[in-house]
Amino acid sequence: MPFPRRLLNDDEEVFLDLRPHWWSMAGPSVALAAAIATAIYVATRTNKGWAGIPFLVLVLVALVWFLARMARWATTNLVVTSDRLIVRTGVIAKRGREIPLERVNDVIVTQTLFERVLRAGDLVIESAGERGREMFHECPHATQVQNQIYRQIEANTHRQAERREVRRELSPLEQLEKLDELRQRGVISQAEFDVKKAQLLDRM
């Protein structure tokens, strides 16, 4: 299921909400199809009902494998937002890890030649902290996801710098320069400038 929007912070945007590549379902799907085809073939070629029992068991095993893999696929998410990375896994007990973008040190893509053809790969996220590494297996469009994460890290760094600049109080000297600029533009009079200047000089 997609990442719940109610869990987002104020002004937080979701840019990617991914599940593992469809290739992760290939093995169980092929096994189930082959088991069903074999069971049908045996059932149509023999009149002995008991002869098909082992193949029905094989179909059941393949079906369980398919459903288990499908449940894991449907409950595994990699979410990239404007503030953080979120990796969520688990069918019964949900496990999740959130990594603030400012704590991400590196994003590595590992791919085999076949995965390059499929545009998939394992995404390794290295971050500061005790659990310094998180892996998202069989990530679709892995290199594009890597680039998107780096873009969001850069944008988040820029936003954080702007917020710090807004919160930072101007020093008396910087305030004096601002006042002088206003005086030169005629926004304040020379007398007003002199009063404010005297007040600022007293604080220095």
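Novice: Mind showing me how you'd approach the sheet that holds strand β7 (residues 133–140) here?
Specialist: By way of backbone hydrogen bonds, the strands of a sheet pair with one another, either parallel or antiparallel. Strand order in the open sheet made by the three strands is β5-β6-β7, with antiparallel pairing throughout. Of all strands in the sheet, those with a lone pairing partner are β5 (104–110) and β7, marking the two edges. Going from strand to strand, the sheet's axes swing by 20° on average, the running direction of each strand aside. Pairing of β5 with strand β6 (residues 120–127), which is carried by six bridges, proceeds in the antiparallel orientation. Bridge pairing in β6 places V109 opposite L123.

Novice: Would you explain a nonpolar patch on the surface in this entry?
Specialist: On the surface, W50, I53, V57 and V61 cluster together into a nonpolar patch covering about 440 Å² of accessible area. Checked against the element boundaries, W50 lands in the loop between α1 (26–45) and α2 (53–74).

Novice: Teacher, can you tell me more about α1 here?
Specialist: In an α-helix there are 3.6 residues to a turn, and that puts residues three or four apart on one side. In this model, α1 (20 residues) spans 28 Å end to end at C-alpha, consistent with the 28 Å of a helix rising 1.5 Å per residue. Taken together, the buried positions of α1 are A26, P28, L32, A35, A39 and V42. Residues of α1 that are buried make contact with α2.

Novice: Would you mind showing me how to read the sheet that holds strand β2 (residues 77–81) here?
Specialist: Reading across from one edge, β1-β2-β3-β4 is the order of the four strands in this open sheet, with antiparallel pairing throughout. At either end of the open sheet lies a strand with only one pairing partner, and these are β1 (14–18) and β4 (95–100). Taken pair by pair, the neighbouring strands of this sheet meet at an average axis angle of 10°, ignoring direction. Note: β1 against β2, four bridges, orientation antiparallel. Paired with D17 across the two strands is V79, which belongs to β2.

Novice: Sorry if this is basic, but what is going on with the pairing of strand β3 (residues 84–89) here?
Specialist: Looking along a regular strand, one sees the side chains alternate between the two faces of the sheet. Among the six residues in β3, six count as buried, and that is most of the element. Residues of β3 alternate between two faces, with R84, I86 and R88 on one and L85, V87 and T89 on the opposite face, all of them buried. In textbook terms, the turn of a hairpin is the stretch between consecutive antiparallel strands, and for β2 and β3 this stretch comprises two residues. Across six bridges, the pairing between β3 and β4 is antiparallel. Paired with R88 across the two strands is G96, which belongs to β4.

Novice: Teacher, can you tell me more about unusual backbone geometry here?
Specialist: In most cases, non-glycine residues show a negative phi, while peptide bonds are predominantly trans. Even without being glycine, D11 reaches a positive phi, approximately 65°. Phi is positive for R119, close to 60°, though the residue is something other than glycine. By the element assignment, R119 lies in the loop between α3 (113–118) and β6.

Cut-offs used in this document
- Residues numbered from 1 in each chain as written.
- Predicted model: local features only at pLDDT ≥ 70, side-chain atom pairs only at ≥ 80, totals over all residues.
- Heavy atoms only, no water.
- Pairing = 2+ DSSP bridges.
- Helix = DSSP H or I, 4+ residues; strand = E, 2+ residues; numbered from the N terminus.
- Axes fitted to C-alpha atoms, helices over the stretch in contact; angles between N-to-C directions.
- Patch = residues over 30% accessible without salt bridge, like charges linked within 9 Å, V, L, I, M, F, W, Y side chains within 5 Å.
- Areas by Shrake-Rupley, 256 points an atom, 1.4 Å probe, with all protein chains shown as cover.
- Salt bridge = Lys/Arg side-chain N within 4 Å of Asp/Glu carboxyl O.
- Expected span 1.5 Å × (residues − 1).
- Buried < 20%, exposed > 50% of the residue type's maximum accessible area, 1.4 Å probe, protein only.
- Contact = heavy atoms within 4.5 Å.

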